[in-house]
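Architecture and fold: a report
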Amino acid sequence: MNSNNETFITSILDYSAPGTGVTKYIFVTGGVLSSVGKGITTASIGLLLKARGYSVTAIKIDPYINVDAGTMNPYMHGEVYVTEDGGETDLDLGHYERFLGVNLSKRNNITTGQIYLSVIERERRGDYLGQTVQVIPHITNEIKFRIREVAKLTDADIVLVEVGGTVGDIEGLPFLEAIRQMGLEEGSSNTLYIHVALVPVLTTTGEQKTKPVQHSVQELRRIGIQPDIIIARSTKPLEDEARRKIALYANLPPEAVFSNPDVEYIYEVPLILEEQGLGSFIVKRLDLKDRKPDLDYWKEFISRLKSSTKPVRIAMVGKYTKLKDSYLSIIEAIRHAAATLKLRPILNWYESTMIEKGDLSPQKPVEENDAVIVLPGFGARGTEGKIAVIREVIEKKKPFLGICFGMQLAVVAIARYLAGLREAHSTEINPKTPYPVIDLLEEQRQVDRLGGTMRLGSYPIKLIHGTLVHKLYNGKEIVYERHRHRYEVNPLYLDKLVAAGMEVSGYSLDKGRVEFIELRDHPFFVGSQPHPEFKSRPMNPAPLFIGLLEHSYRVSG
Ligand code: GLN
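Cut-offs and rules
Residues numbered from 1 in each chain as written. Predicted model: local features only at pLDDT ≥ 70, side-chain atom pairs only at ≥ 80, totals over all residues. Heavy atoms only, no water. Pairing = 2+ DSSP bridges. Helix = DSSP H or I, 4+ residues; strand = E, 2+ residues; numbered from the N terminus. Contact = heavy atoms within 4.5 Å. Axes fitted to C-alpha atoms, helices over the stretch in contact; angles between N-to-C directions. Near = heavy atom within 4 Å. Polar contact = N/O pair within 3.5 Å; in protein donor to acceptor, adjacent residues only side chain to side chain. Areas by Shrake-Rupley, 256 points an atom, 1.4 Å probe, with all protein chains shown as cover. Nonpolar A, V, L, I, M, F, W, Y, C, P; charged D, E, K, R; others polar. Buried < 20%, exposed > 50% of the residue type's maximum accessible area, 1.4 Å probe, protein only. Right-handed = clockwise from strand over helix to strand, strands pointing away. Parallel < 35°, antiparallel > 145°, perpendicular 65-115°, else oblique. Left-handed = near helix turned anticlockwise from the far one by under 90°.

**Side note on the sheet that holds strand β14 (residues 425-426)**
The sheet built from three strands is open, its strands ordered β14-β15-β18 with mixed pairing. The open sheet has two edge strands with one neighbour each: β14 and β18 (487-489). Lying over the sheet, helix α17 (residues 405-417) contacts β14, β15 (436-440) and β18, oriented at roughly 150° with respect to β15.

What follows is the structure, given as structure tokens:
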């Protein structure tokens with residue numbers, strides 16, 4: 001199953017895998033609680049090193065048994081982030097890409113599932129004949145191999161490795177053992193351990209409590225890892241007394257303890273850490289030359305974020321609205337575009353299931369906002385709610401962006417209410433519809449396994465001259481966007497849809513699939529089969545979001 005099995009086998013023989021001494025590795029572990037912003041901290045550290053002229057890549061380790069995040073409910077796990085090469089990965093890869101301004105590979109997300117899958121496959125093939133296959137060395141070797149493979153393929157000066165979860169989790173142990181071994185093999189000047197841990201503040205006294213950090217550092221040391229740096233996550237800046245205590249118990253000088261307080265925008269974290277000297281501390285500890293960091297562009301972006309005051313209200317219509325992380329990249333893409341246009345986005349969330357049940361009027365999102373986004377999704381629940389909102393959007397001529405499922409349901413609404421195909425639907429929701437305007441992709445008909453089998457990753461799209469989308473992409477002939485879907489616009493209905501007012505603004509270069517649509521008789525109505533949010537960067541916002549916001553502000557203002 002893996003084209004790289006040959007190299008994997010070599011790695012097993014290469015038992016102790018001595019380090020090259022060329023690559024520097026920074027390992028980031030978490031303490032006390034998960035979800036305290038370890039991913040953003042890791043991305044921020046990457047940015048500080050990149051700003052010093054070093055090439056950086058970042059790996060996220062997820063100790064769960066799933067092979068990838070693709071089969072997980074966004075409620076459990078947040079958004080599934082899609083890479084250029086079609087990986088369905090953890091949302092932290094999105095943070096890394098946005099902060100570092102790079103494209104990462106699916107190899108940058110390592111899970112327990114991947115590790116065991118390849119080790120067990122090799123065992124079944126007989127590659128370990130005679131041996132007892134064990135966590136140490138076989139699993140830990142596979143982990144180290146995959147980390148080093150990313151280093152080799154990217155040729156990065158510095159590889160950041162974030163271990164998901166918290167120290168003490170049973171499933172994280174083989175990973176911590178592997179990174180401990182890497183410290184020995186690569187040498188201490190080539191490896192650095194950073195522990196990011198929560199320092200809770202007592203609501204009654206306002207006091208910062210360091211005991212949980214002390215315990216998580218003890219646990220880390222029990223495993224054999226002495227952290228070089230502690231980054232204390234807290235609602236407020238770390239007090240001196242707390243810093244001294246953490247340093248003492250962690251066996252570190254107070255200068256190795258950094259404060260990472262809550263901020264308004266996650267993009268401020270690198271600057272807060274830089275002010276405390278974290279960038280220089282790391283490069284010196286790794287025996288690298290310190291250079292003056294180039295952070296002006298980043299500072300300028302933050303000042304735009306903070307000084308943008310003209311409000312633009314956006315309705316976010318979806319099914320997973322209770323966990324905003326489900327749509328993380330879309331929120332960030334809106335922020336990037338808004339900062340560029342000096343607008344302040346106000347996101348109002350509408351649960352499509354409530355609209356479907358009649359508990360919320362489909363007019364609300366349209367009336368209460370300057371623009372409407374219908375979000376990506378899967379399955380039947382809530383779809384009629386989304387379609388009802390899109391019908392309103394069409395009638396009221398409200399600026400609209402439909403992403404993936406949102407685009408597919410826009411086509412359903414156009415078929416039903418403009419083309420007169422009343423029972424039109426996607427076969428994902430109603431396989432018996434007489435008008436299957438959205439249907440399964442041809443190559444999906446033979447697919448019987450759900451993991452990693454969608455149309456995934458970046459594909460070239462040919463844009464049609466004269467369309468709004470073509471204009472938004474600055475007149476480019478071909479653009480690349482990332483995909484994650486099984487269904488598509490059924491070409492058999494294109495004539496009817498076009499006759500009813502729809503326009504196709506982009507087709508896939510390979511098979512002529514519909515990638516973007518718009519409405520002729522509407523000021524801004526765009527549907528996008530790919531997810532433009534995944535390629536939006538602070539310095540390089542996604543054109544479709546720019547278009548939507550610019551237009552909405554012009555209309556409302
Ligand atoms: N469920 C739709 C499909 O599989 C849309 C997927 C999405 O929104 N990411 O095509």
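More follows now that the structure is in view.
**Quick word on the sheet that holds strand β21 (residues 525-528)**
Sheet architecture is open: nine strands sit in the order β11-β10-β12-β13-β21-β20-β19-β16-β17, paired in mixed fashion. Either end of the sheet is taken by a strand with one partner, and the two such strands are β11 (343-351) and β17 (478-485). On average, each strand axis in the sheet is inclined to that of its neighbour by 25°, with strand direction left out of account. Bridge count for strand β16 (residues 455-463) against β17 is eight bridges, and the pairing is antiparallel. Counterpart to P460 in the pairing with β17 is Y480. Against the sheet, helix α13 (residues 328-341) contacts β10 (310-318), β11, β12 (371-374) and β13 (400-403), and its axis sits at roughly 155° relative to β11.

**Brief notes about the site of the ligand**
Neighbouring the ligand are the residues P376, G377, F378, C404, F405, Q408, E428, R484, H485, R486, Y487 and H531. Between the ligand and the protein, one listed contact pairs a nitrogen atom with a backbone N or O atom of R484 at 3.0 Å. At a separation of 2.9 Å, an oxygen atom of the ligand approaches a polar backbone atom of Y487. Here the ligand, which alone exposes 300 Å², has 99% of that area covered by the protein. Counting only elements with at least two residues in the shell around the ligand, the list comes to α17 and β17. Here the residues of the shell around the ligand are counted per class, giving five nonpolar, four polar and three charged.

**Considerations on the pairing of strand β9 (residues 257-261)**
For β9, the buried fraction is high: five of the five residues fall into the buried class. On β9, burial covers both faces: V257, S259 and P261 on one face and F258 and N260 on the other are all buried. Pairing of strand β8 (residues 229-234) with β9, which is carried by five bridges, proceeds in the parallel orientation. Across the sheet, residue R233 finds its bridge partner in β9, namely N260. Following the backbone out of β8, through helix α9 (residues 240-250) and into the adjacent parallel β9, one traces a crossover that is right-handed.

**Considerations on the packing of helix α8 (residues 211-223) against α9**
If you want to describe how two helices pack, look at the angle between their axes and the distance between the axes. Viewed as axis vectors pointing N to C, α8 and α9 meet at an angle of 20°, and their least axial separation amounts to 9 Å. Relative to α9, the element α8 lies roughly parallel. Here α8 and α9 pass one another in a crossing that is right-handed. Contact residues: α8 offers V213, Q214, V217 and R221, while α9 offers K245, I246, Y249 and A250. Taken together, the residues of the contact of α8 with α9 break down into five nonpolar, one polar and two charged.

**Structural notes on helix α4 (residues 92-100)**
Within α4, nine of the nine residues are buried, which leaves it mostly tucked inside the rest of the structure. Every buried residue of α4 is accounted for by D92, L93, G94, H95, Y96, E97, R98, F99 and L100. G101 occupies a position one or two residues after α4 and carries a positive phi of about 65°.

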